[in-house]
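Per-entry structural report
Residue-level listing of the chains:
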Amino acid sequence: MHSRKTFVVLSLVVLSLLLFSGVGVFAGESPMLRERVERGELPPLEERLPKEPLVVEPRETIGKYGGTLYAPVESMQGSGNDVFLMGPLVSFALPRPEDQMLLPNFAKEIESNEDATAWTITFREGVKWSDGHPFTVDDILFWYEAIYLNDELTSEAAEPWIVKGQVAKIDKIDDFTLRFTYPEPMPFFKNYLVTASYTILFPSHYLKQFHPNYTSEEELKKIMEAEGFDTWVDLFEYKSTSHWGIPMVEDLPTLAAYRLVSRSASRRVYERNPYYWKVDTEGNQLPYIDTIVGLYVSDQQMISGMVMSGEIDFADRVGLENYPLYQQYKEQGGYETYLYNIGRGAQMVFMINRTVEDDVLREIFQNPTFAQALSLAIDRDEINEVFYFGLAQPRQYTVLDTSQYFEPEFATAYAEFDPDRANAMLDSMGLDKRDSQGFRLRPDGQRLGFTIQMYERSDLSIAKVEIVMGYWRDHLGIDVRLQQISPELQEVRAPANQMEATIWAGDKSTDILFPVGNNLIIPKEPRWDESVWPKWGLWFNTNGADGWEPPEHVKQVRAWYDQMLVEPDEQKRIELGKNILRVQAEYLWQIGNVGNVPELMIFNAKLRNLPDPAVTVRAWDTGLYSATHPEQIFFDD
């Protein structure tokens, strides 16, 4: 009989029990909610909170309620600076900022059996959706029964809920407890919870009305006609549209800190969730800020102008190279500047598509010598000085230096600036012929070149791409072109194998996500944020039924990854991870520029309880800002 081993238990549960063991001891709520209670539109606070709310210790002080925060949005149906501050992802567990220890968040307890084949998650009793309906594990079972098992719907959920094409065995213990059981050990189960939790959280009480399993065909047709949809699938997917657990359509209940109340082509407005399940140490319900407004921006220049004129209160990743400019306008714009560690093995990675449709280009791209030559032609010291004031670390893309999987040679692989060696390597590939303008020729006589498709963000700016393109044109004679596209096109073209090359952030470099979520150097399902091997990823994702069969060394990488996921011995897992990173260091699936870059963030000067720059790792790996509980941020007039 296996003994139960508790891996992560939130220490503040004890505090919450002491503070909230009785009814009526909750300290406070926003005046806008108190007014609704007085009008009979909302139940009192003690009826809206769970029995054991998550207690957040404010970084500086107990906050003040009220205010509207404005933030820029690049995609009105997706990610934006507004989303970052809403407690997105609704993570069952989050890393503690100071040491990355994984602690329960939305979950109350997370336990495993001795061999990690069974994991039990206990949720907080009394949590409610933003419309006041109780949350129970039946909402998660709804995802499994109504969405995952329905062939007409597309489920975003992946590992750890689905492993090797098979969903975990899910057992309901009671209304607030689920057990996930696997045929093999799942030692990284907690790691997944940081960024995968929201993918199985659906308000079943609301969405059942749009699903044929629960609503008659006649009723569905009436709803479809009224809403303007031809199929129930289109209706359901629209009504359930969210991004990282944040609603993108009105009326969709949420478990996050804010709910969408209105939207247009130029803005979206979120108001506080009256039933949010976090409180401060005095029992005041979070969040403190009442309203968050996302303002649509078409480019980075708009963000800069809005920052300096004081039109927005928060701007994420505005580019370290703009630091002097933003410092100059701080008083005028009423903001402060902060530098945060964003936990990337490389600030930017360049990826050439090894499964590109062009037969000649594909053969060139699949030769590791080509990527090695591209990397050697990048002057990382110059990039560091031009864009990062010498504060970054010229390095190849790999895990962070602090990772247990790190070896120094992973970071130095082909990372020196040596254009002479790079040219000799390209010559050795038979690419030694050039046209009248000095560009190299392909074996078929055409000019050697490729197009980088990208959508611009401040941290992934066109200028940072163009400097590298210049190295490749001027030093190597490769005709590299740039095509700027929208985020929506990026999401379509990358997984569809419609890119010759693209760029992205070199994240997933910490010990939280490298072993479970690094699709940048591990062939997995085709995704919007990488274009290294869409056809190979599709082959793996369909068990060979679709896509292209990859070469043996790529199959080996995937085999190491699959083994690492279930290996019970930690040292063996580390060695398997290092094997994967050695292949990245040789084949350079991702070509990095510089790493360990402090990133510039802008906050209104009146905001308090901001994330601590000394310990905060603002990365996808750590749930963005969620690990710092941004619900505690407030305006201090």
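Residues numbered from 1 in each chain as written. Predicted model: local features only at pLDDT ≥ 70, side-chain atom pairs only at ≥ 80, totals over all residues. Heavy atoms only, no water.

Take the environment of Val293 next. Assignment of secondary structure puts Val293 in strand β17 (residues 291–296). When the C-alpha positions of Val293 and Glu570 are compared, they lie 45 Å apart, and in sequence the two are 277 residues distant. (Helix = DSSP H or I, 4+ residues; strand = E, 2+ residues; numbered from the N terminus.)

The next point concerns the confidence of the model for the protein chain. Residue-level pLDDT values for the protein chain average 92, and 95% of them are 70 or greater. Below a pLDDT of 50 lies the segment residues 1–24, which in the model reaches 49 contacts outside its immediate sequence neighbourhood of four places, other chains included. (pLDDT = per-residue confidence, 0-100. Contact = heavy atoms within 4.5 Å.)

Right, let's talk about the sheet that holds strand β3 (residues 68–73) for a bit. Here we have four strands laid out as an open sheet, ordered β3-β17-β15-β14, and mixed in their pairing. The open sheet has two edge strands with one neighbour each: β3 and β14 (258–263). Between one strand and the next, the sheet's axes are offset by a mean angle of 25 degrees, whatever the strand orientation. (Pairing = 2+ DSSP bridges. Axes fitted to C-alpha atoms, helices over the stretch in contact; angles between N-to-C directions.)

Attention now goes to the packing of helix α15 (residues 380–388) against helix α18 (residues 462–476). At their nearest, the axes of α15 and α18 sit 11 Å apart, and the two run at 155 degrees to each other. In this view, α15 runs roughly antiparallel relative to α18, as classed from their interaxial angle. Of the two possible hands of crossing, α15 and α18 adopt the one that is right-handed. Contact residues: Glu382, Ile383, Phe387 and Tyr388 in α15; Ala463, Lys464, Ile467, Val468 and Tyr471 in α18. Each residue belonging to the contact of α15 with α18 can be placed in one class, and the counts come to seven nonpolar, no polar and two charged. (Parallel < 35°, antiparallel > 145°, perpendicular 65-115°, else oblique. Left-handed = near helix turned anticlockwise from the far one by under 90°. Nonpolar A, V, L, I, M, F, W, Y, C, P; charged D, E, K, R; others polar.)

Our next topic: the sheet that holds strand β22 (residues 449–454). The mixed open sheet is built from five strands, whose spatial order is β23-β22-β24-β20-β25. One side of each edge strand has no neighbouring strand; the edge strands of this open sheet are β23 (479–484) and β25 (591–592). On top of the sheet, α18 reaches β20 (346–352), β22, β23 and β24 (501–506); it is set at about 165 degrees to β23, its chief contact.

Now for the packing of helix α14 (residues 368–376) against helix α17 (residues 419–428). Between α14 and α17, whose axes approach to 8 Å, the crossing angle comes to 160 degrees. Between α14 and α17, the angle is such that the two are roughly antiparallel. In this structure, α14 crosses over α17, and the sense of that crossing is left-handed. In contact with Thr369, Phe370, Gln372, Ala373 and Leu376 of α14, α17 contributes Pro419, Arg421, Ala422, Met425, Leu426 and Ser428. For the contact of α14 with α17, the residue count by class is seven nonpolar, three polar and one charged.

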